[in-house]
Amino acid sequence: MAKNRNEKQMHNYREHNHNHQNHEHHVHEHHNHDHNNKFIHENHHEQGGHDGHNHDSHGNYSHHHGGQESHDHHNHGDMVGDFKKRFFVSFIITIPILALSPMIQDFIGVDWNFMGDMYILFVLSSIIFFYGGWPFITGGISEVKEKSPGMMTLIALAITIAYGYSTLVVFGWDGHQLFWELATLVDIMLLGHWIEMRSVMGASNALEQLVKLMPNEAHRLDDNGQIQDVPLSDLKRNNRVLVKPGEKIPVDGTIIDGKSAIDESMLTGESIPVEKNTGDEVIGGSVNKEGSLTIQVEKTGENLYLSQVITMVKEAQESKSKTQDLTNRAAKWLFYLALTAGIVTLLSWLLVGYSFGVSVERMVTVMVITCPHALGLAAPLVVAVSTAISAKKGLLIRNRANFEGARNLNAVVFDKTGTLTKGEFGVTDIIPNEGYSEKEILKLAASLEQNSEHPIAKGIVKATKDKGVQLGKVTDFESITGKGIQGTVNGKTVNVVSPGYVNSHNLTYDQRLFNKMSEEGKTVVFVLLEDRLIGMIALADMVRETAKEAIATLKEKGIHTIMLTGDNNKVANWVAGQLGIDEVYAEVLPDDKANQVKKIQDKGWKVAMTGDGVNDAPALATADLGIAIGAGTDVAMETADIVLVKSNPNDVIASMDLSRKTYRKMVQNLWWATGYNIFAIPLAAGVLAPIGIVLSPAVGAVLMSLSTIIVAINARLLKT
C-alpha cells in the first residue's frame, strides 16, 4: 500500500511538475505554498470580490445563516466607540449632578440650593438614565427574555429603581433622591464595558470567512467549448467548468479532462497535494496546483462540501452552551439577592409600623447598594490586564467565558497538519550507498530540483540551505514522464526518480528500509549518478519541535493528549510516535472531528481543540475551548476562542496557566467588589435601627469608592 502510494505520488509528481514548467512562475507568484503564509494569498484574492457576498448562492447562504455573526463583527468597533462616547457625555453631566445633590452638599459642608435646582437635577439625570443607561436597559430586557439574568439585568434594576424613586421624590414624594447614585453607577458601568470591549476582539464571523474560500466566478464552457465567466449561482449540475493552474476549484465535481495536483490541505487535512486524474472527484475551495482541468459540476448550493461545513459550524456555535462568565454569574446571584433583600426590607419596615414612604426609601437604598459599583470594574480591569499580558505572549483571546474555563481542561485534541507539523515537506532521512556521503547525494538531488516549485522539490532544496550545501549548475534538464527527472550536474548525468523507475530497471536497494519509511508515511525518492543508484532521500511533513515540548508538559500536568487528523493512518501514527501522543484518530472527516470531540466530552471531560484548517472549524466550535494556530486559515481563527499568534503549540499551556491566574484574580476582585455589600446591605436594611444605627447614603458612598479603588489596584497586580 505504502509503496503504491509512493509510486503514484512520484509518477504524477514528475509527470505534472515538469510537463508544466511553463506554468510554474505564473502559478506560484499567485499562490504561496509556505504553510505559514498560506492564507495571505486567499485574502488578497478575495478582497475585491466578497465585500457584498451577494454574488452567489453561497453568499446568500452565509447571510441567511451567518447574518448575526457578521453583523456583530462589523458593529463591534462601533459599539466600542458608542460606549466610549456615552461614558464621556455621562461623566460630564455627572459633575453638575453631584454639585446639585443635597446629600453630596451635606457631605462636603456647602449649601448651593436655589429655586428650581431639583428640576435641573431631574433633567440632567433623565439624560444620563436614558442616554447613558440605555445599553443596560435594553441588555437587561434581553437577558430577562432569555431567562438568564446577569450583569445587564442587575445594572438595569438598580438604575431604574434609583431613577424612578428619585423622580417621585422631586415631584412630591417624601424622601431623599438618589440621582447622584444613578449617575455614578451609570458612569462606572459604561467605563467598565468600554474597557472590556476594547480589550476583547469582536464576535466571530467564521461563516463569512468560510464563504470567502469560494471564488466569485467560474469559467463555464458552453457547447462549443467557449469560456463564459459566470457567477457561481448560475452553475447547474452537469455544467462544465475550466479551472486554470493556481485557481481555486469553484464547485464539487468530477474531472472530465486533464490531470493535476490538488492542494486540499485546508479542507481535508491531507498534507501532501493529492494527484487527480480524469474521473476523480474534486472539492470546491481546494486549489489546483499545476495542470488545467475541465470539471463536470456534481453539486451546487447547499449540497457543496463547504456549505455542509458552514452548516456544521453554525450548529456547533449555536449548540455550544451559552456559558456566562464569572462576572455575569456573580451579577445573576446579586440580582436575586437585590430583589429578595428589597422585598424583605419593605415588608419588615411595614410590619414594624413605619409609613410606606419610609419603608420604600429603605427598600430602594438596599436595592441600589446591592448593585456594587466596583463590580462594574472588577472583571473589566482584570480583562484589560490579562489581555495585555496575553497579547505580549502571542495569545489572542476572543471568548472570555471559554478562556476562563481553560483552567479546568482534561484533554487537548490536536489537528496534525499545520498544528503539530509545519505543513511543509522536509528531508527526514538520507540513505547513501557505499562510497557516497549524505551531502553529496543531497547536493546532486537539490541541484536538479532547484527550478521546481513542487513541495517535494522545495523540501530537498531547503535541506541544502539548512546543511550549508552549495548547489551545482544544471544543464540538459528533462523530465521522464511518470518516472522522474534527469539532467547534467557538473558534467555528470543525474536522475531523481520514483520507486517504479528503480523497480523497472531492476536496481537493487534496501527494500526493508524503504518499506519501513513508507510505513511511516514518508515519500521516498531515489538518486542515480550515471545510471548507478547512489542513495535514497525520504521526506515527510516536519514535526514542530515546540509540539514535542507542549505534549510532554501536558502529560506532566495529567492532561490527556489526542491527535485528530484527516491525514492517513500511517502518517498520523508516525507523527504521534515522535511526539508521544496518547490517542490517535486518523482519516477523520470534518463532521467526524466534531463528533469525536463530543464523544470525549461525553466522558465528562473538558476538551480543548487545537487546529488550523477549514476542516477543523466544526470541532473548534464544538470544543469547550477552541484554539486556532495563527498561521492557519481565517476560518479557523474566526471560529476559535483563542488564537495562538506565534503558531506555537506550547502556547496552549501558556493560555491554560494565564486562564488559571486570571480567574483567581477575578474571584479576588469579586470578593472585594461585593464584600462591602455583605456589611452594608443589613445596615441599609435597618437591622441596627432599633439601637439608632442606620447606614447613611453618604457612608455607603465612601465604602463604595473604597471598594472600587481596591479592585483597581488588585487588578494591576495580575502577573504572569
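Parameters at a glance
- Residues numbered from 1 in each chain as written.
- Predicted model: local features only at pLDDT ≥ 70, side-chain atom pairs only at ≥ 80, totals over all residues.
- Heavy atoms only, no water.
- Phe/Tyr/Trp six-rings, centres within 6.5 Å; stacked < 30°, edge-to-face > 60°.
- Helix = DSSP H or I, 4+ residues; strand = E, 2+ residues; numbered from the N terminus.
- Buried < 20%, exposed > 50% of the residue type's maximum accessible area, 1.4 Å probe, protein only.
- Lys NZ or Arg CZ within 6 Å of the ring centre and 35° of its normal.
- Arc of directions from axis to C-beta.
- Polar contact = N/O pair within 3.5 Å; in protein donor to acceptor, adjacent residues only side chain to side chain.
- UniProt positions renumbered as here; feature names shortened; annotations may be inferred.
- Salt bridge = Lys/Arg side-chain N within 4 Å of Asp/Glu carboxyl O.
- Patch = residues over 30% accessible without salt bridge, like charges linked within 9 Å, V, L, I, M, F, W, Y side chains within 5 Å.
- Areas by Shrake-Rupley, 256 points an atom, 1.4 Å probe, with all protein chains shown as cover.
- Lys, Arg positive; Asp, Glu negative; His and termini not counted.
- Charge placed at Lys NZ, Arg CZ, Asp CG, Glu CD.
- pLDDT = per-residue confidence, 0-100.
- Contact = heavy atoms within 4.5 Å.
- Right-handed = clockwise from strand over helix to strand, strands pointing away.
- Pairing = 2+ DSSP bridges.

Okay, the packing of aromatic side chains next. Pairs of aromatic rings are described using the distance from one ring centre to the other and the angle between the two planes. On inspection of all chains with the given rule, the structure shows 19 aromatic pairs. Here tyrosine 163 and phenylalanine 179 contribute two aromatic rings whose centre-to-centre distance is 6.3 Å and whose plane-to-plane angle is 55 degrees, an arrangement assigned as tilted. Pair noted here: tyrosine 163 is in helix α8 (residues 151-170) and phenylalanine 179 is in helix α9 (residues 179-199), with a separation of 16 residues, a long-range link. The class of tyrosine 163 is buried, set by a relative accessible area of 11%. Taking relative accessible area as the criterion, phenylalanine 179 reaches 0% and is therefore assigned buried. Ring centres of tyrosine 509 and phenylalanine 514 lie 5.7 Å apart, and the angle between their planes is 80 degrees; this geometry places the pair in the edge-to-face category. A relative accessible area of 13% means that tyrosine 509 is categorised as buried. The cationic tip of lysine 603 hangs over the ring face of tryptophan 605; the distance from NZ or CZ to the ring centre is 4.7 Å.

Turning our eyes to something else, we now look at helix α21 (residues 511-519). Buried within α21 we find Phe514, Met517 and Ser518. Viewed along the axis of α21, the buried residues span an arc of 100 degrees, placing them on a single side of the element. Structurally, the start of α21 carries an N-cap: the backbone nitrogen of arginine 512 is 3.3 Å from a side-chain oxygen of aspartate 510. Taken from the residues just after α21, glycine 521 is the one with a positive phi, measuring 80 degrees.

The next subject is the environment of glycine 175. Looking at the secondary structure, you find glycine 175 in the loop between α8 and α9. When its relative accessible area of 27% is taken as the criterion, glycine 175 is described as partly exposed. Through-space distance from the C-alpha of glycine 175 to that of valine 360 is 9.0 Å; in sequence the pair is 185 residues apart.

Using the residue numbers shown here, the UniProt feature "transmembrane region" (unreviewed entry) corresponds to residues 87-104, 119-141, 153-172, 178-195, 333-352, 364-391, 670-693 and 699-718. Between the end C-alpha atoms of residues 87-104 there is a gap of 21 Å, over a span that is 94% helix and 0% strand. With 100% helix and 0% strand, residues 333-352 has its two end C-alpha atoms placed 28 Å apart.

With that out of the way, let us pick up the pattern of salt bridges. Inspection of every chain in the model, using the stated rule, returns 13 salt bridges. When the shortest N-O distance is used, the salt bridge between aspartate 466 and lysine 462 registers 3.4 Å. Separated by four residues within a single helix, aspartate 466 and lysine 462 lie in helix α19 (residues 455-467), roughly one turn from each other. Several salt bridges share partner residues, and in doing so they unite Asp429, Lys516, Glu520 and Lys522 into one network.

A few words now on a positive patch on the surface. Judged by side-chain charge, Lys393, Lys646, Lys661 and Arg664 come together as a positively charged surface patch. In this fold, lysine 646 is placed in the loop between β22 (642-644) and α27 (650-685).

In this model, the chain carries a mean pLDDT of 78, and residues with pLDDT of at least 70 account for 80%. Counting contacts from residues 1-74, a segment whose pLDDT is below 50, to residues more than four positions away or on other chains yields 165 contacts.

We now examine the pairing of strand β21 (residues 625-629). Taking burial as the measure, the five residues of β21 include five buried ones, the bulk of the element. Neither face of β21 is left uncovered, since the one carrying Leu625, Ile627 and Ile629 and the one carrying Gly626 and Ala628 both have all their residues buried. Traced from strand β20 (residues 607-611) through helix α25 (residues 617-622) to β21, the parallel crossover comes out right-handed. Where β21 meets β22, three bridges bridge the pair, whose relative direction is parallel. Within β22, the position partnered with alanine 628 by the bridge is valine 643.

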